[in-house]
Amino acid sequence: MEILEQLDELQRKARKDEMVKRKFLETKTEKEPLEAFCKVCREYGYEIYEMDIICAGDEFHASMKRSTNGGGENSPKLGWNDDFYELFLAGLEE
């Protein structure tokens, strides 16, 4: 299963279970939030590590750049659009 599919499943689970949601949201206050987030993912049976999330964001950003005129080498970084950790938490905070 791809990383985005795993994150979608986890997010659906967190939306249905307040305890799961709270565990994910609490990762924001940790010294290493992404590491804490991945640890919670693994507690729920999803082998997700920091580099999985970072690489998924980088791959997403790269595909966005490739889809623009001429490959978009001069296009600006998309900011939060490639940070799947932040997007995951934002989806829970809605």
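Residues numbered from 1 in each chain as written. Predicted model: local features only at pLDDT ≥ 70, side-chain atom pairs only at ≥ 80, totals over all residues. Heavy atoms only, no water.

Q: Just give me the short version of the packing of aromatic side chains, but keep the residues and values in it.
A: One pass over the full model with this rule turns up five aromatic pairs. Taking the centre distance of 6.5 Å and the plane angle of 35 degrees together, the rings of phenylalanine 24 and tyrosine 44 count as tilted. Note that phenylalanine 24 is positioned in helix 2 (residues 18-26) and tyrosine 44 in the loop between helix 3 (33-43) and helix 4 (50-66), a separation of 20 residues in sequence. With relative accessibility at 0%, the residue phenylalanine 24 sits in the buried group. Three or more aromatic residues joined by ring pairs make a cluster, and in this case those are Phe24, Phe37, Tyr44, Tyr85 and Phe88. (Phe/Tyr/Trp six-rings, centres within 6.5 Å; stacked < 30°, edge-to-face > 60°. Helix = DSSP H or I, 4+ residues; strand = E, 2+ residues; numbered from the N terminus. Buried < 20%, exposed > 50% of the residue type's maximum accessible area, 1.4 Å probe, protein only.)

Q: An account of the environment of glutamate 35 is requested, with residue identities and associated values reported.
A: Among the secondary structure elements, glutamate 35 is positioned in helix 3. Residue classification places glutamate 35 among the partly exposed positions, given a relative accessible area of 44%. When the C-alpha positions of glutamate 35 and glutamate 50 are compared, they lie 6.1 Å apart, and in sequence the two are 15 residues distant.

Q: Just give me the short version of the confidence of the model for the protein chain, but keep the residues and values in it.
A: Summarising the model, the protein chain shows a mean pLDDT of 82, and 72% of its residues fall at 70 or more. Taking the mean pLDDT of every element in the protein chain, the minimum, 69, falls on helix 4 and the maximum, 97, on helix 2. (pLDDT = per-residue confidence, 0-100.)

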